[in-house]
Protein chains: 2
Amino acid sequence: MIAKKMVKLVEGSSVIRAMFEEGKKMAAEFGAENVYDFSLGNPSVEPPAGVKNAMIRTLEEENPNYLHGYMNNAGYEDVRAAIAAHINKEQGTNFNENNIIMTVGAAGGLNVMLKTLLDPEDEVVVFAPFFGEYSNYVANYDGKLVVVPPNTETFMPDMEAFASLITPKTKVVIMNTPNNPTGVVYSEDTLKELAKVMEEKEKEFNTSIYLLSDEPYRELVYGDITVPYATKYYQNTIVGYSYSKSLSLPGERIGYLVIPSDVDDYEDVFGAASVATRILGFVNAPSLQQRAIMACLEEKVDVSIYDRNRRLLVDSLKGMGFECANPDGAFYLFLKTPVDDKEFTKKAKEYHLLVVPGQTFGCAGYVRISYCVDYDMIVRSLPAFEKMAQEYGLKR
Amino acid sequence: MIAKKMVKLVEGSSVIRAMFEEGKKMAAEFGAENVYDFSLGNPSVEPPAGVKNAMIRTLEEENPNYLHGYMNNAGYEDVRAAIAAHINKEQGTNFNENNIIMTVGAAGGLNVMLKTLLDPEDEVVVFAPFFGEYSNYVANYDGKLVVVPPNTETFMPDMEAFASLITPKTKVVIMNTPNNPTGVVYSEDTLKELAKVMEEKEKEFNTSIYLLSDEPYRELVYGDITVPYATKYYQNTIVGYSYSKSLSLPGERIGYLVIPSDVDDYEDVFGAASVATRILGFVNAPSLQQRAIMACLEEKVDVSIYDRNRRLLVDSLKGMGFECANPDGAFYLFLKTPVDDKEFTKKAKEYHLLVVPGQTFGCAGYVRISYCVDYDMIVRSLPAFEKMAQEYGLKR
């Protein structure tokens, strides 16, 4: 009786559920401390203390009908103004409250923008490997997903392939940096090249192509890496941001969209995005979280904890002969598998290692390892990885 | 450049925006205390004190990564179990956590169910007058809205018209009691008749027709009125609930769906609704609010405050010769207009009265008056209503 479009998705979700149940069974059989679950993207670092204080203070001080009431669908104006000012300070941009729409996380923001922009059959370009949910989001609005094959040398977009896949029907390009699942951060040169390709195609086809920059991992970068701000390189850029990772609040569903005033048809796009927020049933981003965020704009999680995990894993795995993409950001390693990635994932399970096959992200021959886990679990897991390396004759 | 489907919606939203701006202008010109805004459905009664305490206690006591982290897309299991137990206690039902999905308000829940159930061109029946957003929600999934004309005698559904409008393509019937905009509460007899019509049509067409009972106003009833629980009268009932009004938390976006185990294709429907929650970009209902709600299941706003507003308005307006639907629930009066409702709305504005024309809800000849406002504003507004009554010669 359910919608035809949902049938396959329910099957897919049963598979995930089965995996999850299997993991629980393994933990029951071998002890939770002997199962090494690297499959989830649920932040392990605590939210900064300032976040809890801000929430409690907001609850103590604000008028409850104002704090928990309806506001403009785009969000509280003062919150949006404060976020705009914060971005301006950090990025030298020139945004104000009329460039910000508060969203139910980044997932909510992406859906709002795709609802706003896509007519049926419009094309949305993504770069493999990519977060699998993009294909569901695009399908929600009857768009057509166009996948640029992976460039496994650098995991930056393959510009030639990209250019060749843009057509007069291309409406949106989704970019995700720092990247899930590779951890790669797109360089400034990459952004410039991307912009050049898109500008040329806009001219060639006389169209507007919106770059949707999905940036939930923006603050999670290591060493001296910085993440260039995409609006400065390409005019028709819209940014989707979330506090899920930067403040470890994924369950709270709080984020925002940046819609710069100089994107094509700005007024219609901003107006339609506000309407889409309402009619998709979000109505508005959760109100307490909006107001608490305003008091936490300078906070972020202690990324040194993720960095310590990252270094231990990268050094250890490389020492065993594994190779991976440049893990400059997010909390993922994208590990090259000596055999088919689904086979590798299956074999890993025998060693109680849970990882996600690259095929899930449109990139076979790799697995994703999430290191948003306890450091001690990583330490305990290393002998298992070691045995995998031996099994596949990787040991140098 | 925006989606064609969005163009009209943006125009519509500009009209609302213009109205809102006009209201602000009137307040600036005549003083806020001399403008009587009865147009909004934003709760005016404070959330019960227990709500704030529950949120703060939850923040103080729970592990922050658990409290703010991802959980099952359907919501925390213990929260869902507690809500199921609460409904069972109140209604004598037999639900458990596998019948509850936490949602981003009732609007989120309705969208999740329509995504779950609707194939393109499937028909969704609503009873005029109805909350205008239903038409947008149905259009989101390419469904076809079928409107049962209003029965202005009782504002209960016209059963004959209803039966004649059900076809083999009818997939969902949306019911809303206590009703927005009429304030009418459907009686037990009405539910029995509704069920009878739907059961007969299911048999006739060999289909499953789901009754989606939208109940954000369930707790807002006055006098000795009770709201029958729809799952007890019709097997294929799914309930959409929200704490927006019962706890005055509309900005927080927290509610739930009840999907009883005996609806047709229960497993697929529940599974697909969980997936729809994820892929529509809600991902999950806000996590802190979920856990705080669990501690507030016995709380509700002080409805005597709304009741006092209601009695003042009803008695005063009836005394002036106005007529309205039976205002047993919600916080709306649906007032019969002696002239066209848009003309009446325009005239009302001359007296600084802001109301919403019935045509917005598919029912001309009436206006909606929201009494979720300050009592004193109602008192101050009465001379303006009095002048309207005189203007139209209503005074008896």
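Residues numbered from 1 in each chain as written. Chains lettered and ligands numbered in written order. Predicted model: local features only at pLDDT ≥ 70, side-chain atom pairs only at ≥ 80, totals over all residues. Heavy atoms only, no water.

Caption draft 1: Broad picture of the overall build of chain A. Tallying secondary structure elements over chain A gives 14 helices and 12 strands in all. Taking as baseline every contact in chain A between residues at least 6 positions apart, the subset at least 24 positions apart corresponds to 75%. Roughly 15000 Å² of accessible area belongs to chain A as shown, and the carbon and sulfur atoms make up 49% of that amount. Averaged over its 39 positive side-chain charges, chain A has a centre that lies 4 Å from the centre of its 55 negative ones. (Helix = DSSP H or I, 4+ residues; strand = E, 2+ residues; numbered from the N terminus. Contact = heavy atoms within 4.5 Å. Areas by Shrake-Rupley, 256 points an atom, 1.4 Å probe, with all protein chains shown as cover. Lys, Arg positive; Asp, Glu negative; His and termini not counted. Charge placed at Lys NZ, Arg CZ, Asp CG, Glu CD.)

Caption draft 2: Main features of the sheet that holds strand 2 (residues 100–103) of chain B. Residue and element names in this part refer to chain B. Strand order in the open sheet made by the 7 strands is 2-8-7-6-5-3-4, with mixed pairing throughout. The sheet terminates laterally at strand 2 and strand 4 (144–148), the two strands that pair on one side only. Put simply, the sheet's adjacent strands are angled 20 degrees from each other on average, direction ignored. Bridging between strand 7 (residues 237–242) and strand 8 (residues 255–258) involves 4 bridges; their strand directions are antiparallel. Following the sheet pairing, valine 239 is matched in strand 8 by valine 258. Packing against the sheet, helix 6 (residues 133–140) makes contact with strand 3 (123–127), strand 4, strand 5 (170–176) and strand 6 (210–214), and its axis sits at approximately 150 degrees to strand 4. Along the sheet face, helix 10 (residues 266–279) touches strand 2, strand 6 and strand 7 and points at about 15 degrees away from the line of strand 2. (Pairing = 2+ DSSP bridges. Axes fitted to C-alpha atoms, helices over the stretch in contact; angles between N-to-C directions.)

Caption draft 3: Spatial organisation of the interface of chain B and chain A. Taken residue by residue, the interface counts 74 residues in chain B and 74 residues in chain A. The junction of chain B with chain A conceals about 6000 Å² of combined surface from both sides, 54% of it contributed by carbon and sulfur atoms. Two residues, B:Glu133 and A:Arg278, come together in a salt bridge whose shortest N-O distance is 3.0 Å. Run the count over chain B and chain A and you get 40 residue pairs in polar contact (both at pLDDT 80 or more). Elements that contribute at least two residues to the side of chain B that touches chain A include exactly helix 1 (4–30), helix 2 (49–61), helix 3 (64–67), helix 5 (105–117), helix 6, helix 9 (243–246), helix 10 and helix 11 (287–294) of chain B. If you tally residues by element for the side of chain B that touches chain A, the top one is helix 10 of chain B, at 8 residues. Classifying every residue of the side of chain B that touches chain A by side-chain character gives 34 nonpolar, 22 polar and 18 charged. (Buried area = accessible area lost by both parts, 1.4 Å probe. Salt bridge = Lys/Arg side-chain N within 4 Å of Asp/Glu carboxyl O. Polar contact = N/O pair within 3.5 Å; in protein donor to acceptor, adjacent residues only side chain to side chain. Nonpolar A, V, L, I, M, F, W, Y, C, P; charged D, E, K, R; others polar.)

Caption draft 4: The sheet that holds strand 12 (residues 366–370) of chain B, seen in detail. All names here are of chain B. Read from one edge to the other, the open sheet built from 3 strands follows the order 9-12-11, with strand pairing classed as antiparallel. Of all the strands in the sheet, the pair left with one neighbour each is strand 9 (332–336) and strand 11 (356–357). The pairing of strand 11 with strand 12 spans 2 bridges and is antiparallel. Residue pairing for strand 12: proline 357 is matched across the bridge by valine 367.

Caption draft 5: A look at the packing of aromatic side chains. Tallied over the full model, the rule gives 39 aromatic pairs over all chains. When the ring of A:Phe282 is compared with that of B:Phe282, the centres are 4.7 Å apart and the planes differ by 55 degrees; the resulting orientation is tilted. Here B:Phe282 lies in the loop between helix 10 and helix 11 and A:Phe282 lies in the loop between helix 10 (266–279) and helix 11 (287–294), a pairing that spans two chains. We note that A:Phe282, like B:Phe282, is buried. These aromatic residues form a ring-pair network of at least three members: A:Phe155, A:Phe334, A:Phe361 and A:Tyr366. Directly above the aromatic system of A:Tyr76 lies the positively charged group of A:Arg291, at a separation of 4.5 Å from the ring centroid. Positioned over the ring face of B:Tyr375 is B:Arg308, at 3.6 Å from the centre of the ring. (Phe/Tyr/Trp six-rings, centres within 6.5 Å; stacked < 30°, edge-to-face > 60°. Buried < 20%, exposed > 50% of the residue type's maximum accessible area, 1.4 Å probe, protein only. Lys NZ or Arg CZ within 6 Å of the ring centre and 35° of its normal.)

Caption draft 6: Structural detail: the pattern of salt bridges. All names here are of chain A. The tally for this structure, following the rule as stated, stands at 34 salt bridges over all chains. A salt bridge links glutamate 22 to lysine 349; the shortest N-O distance between them is 3.2 Å. Pair noted here: glutamate 22 is in helix 1 (residues 4–30) and lysine 349 is in helix 13 (residues 341–350), with a separation of 327 residues, a long-range link. Glutamate 22 gets classed as partly exposed once you look at its relative accessible area, which sits at 37%. The partly exposed category is assigned to lysine 349, whose relative accessible area is 25%. In this structure, arginine 218 engages glutamate 215 in a salt bridge whose closest nitrogen and oxygen atoms are separated by 2.6 Å. Each member of the pair arginine 218 and glutamate 215 is classed as buried.

Caption draft 7: Up close: the side chain of B:Arg310. Residue and element names in this part refer to chain B. One can find arginine 310 in helix 12 (residues 303–319). A polar atom in the side chain of arginine 310 sits 2.6 Å from the backbone oxygen of proline 327. Residues contacting arginine 310, with those up to four places away along its chain left out, are Tyr222, Pro327, Asp328 and Tyr371.

Caption draft 8: Molecular detail of the nonpolar core. In this structure, A:Ile259 and B:Ile259 are the most contacted members of the largest nonpolar core, which totals 82 residues. In contact with B:Ile259, not counting residues within four places along its chain, are B:Asn98, B:Asn99, B:Ile101, B:Met113, B:Ile238, B:Tyr266, B:Val269, B:Phe270 and B:Ala273. Ranked by size, the runner-up nonpolar core spans 60 residues in total, among them A:Ala84, A:Ile87, A:Ile293 and B:Tyr76. (Core = buried A, V, L, I, M, F, W, Y, C linked by side-chain atoms within 4.5 Å.)

Caption draft 9: Highlighting helix 6 of chain B. Residue and element names in this part refer to chain B. Here helix 6 lies mainly inside the structure; 6 of its 8 residues are buried. Of all the residues in helix 6, the buried ones are Glu133, Tyr134, Asn136, Tyr137, Val138 and Asn140. Phi turns positive one or two residues past the end of helix 6, at aspartate 142, with a value near 60 degrees.

Caption draft 10: Examining the environment of B:Tyr241 more closely. Residue and element names in this part refer to chain B. Examined against the element boundaries, tyrosine 241 turns out to sit in strand 7. Tyrosine 241 sits in the buried class, given a relative accessible area of 4%. Taking the C-alpha atoms as reference points, tyrosine 241 and aspartate 122, separated by 119 residues in sequence, lie 24 Å from one another. Contacts of tyrosine 241, omitting those with residues within four sequence positions, involve Thr103, Gly105, Ala106, Glu215, Arg218, Glu219, Ser246, Gly255 and Tyr256. A polar atom in the side chain of tyrosine 241 sits 3.1 Å from the side chain of serine 246.

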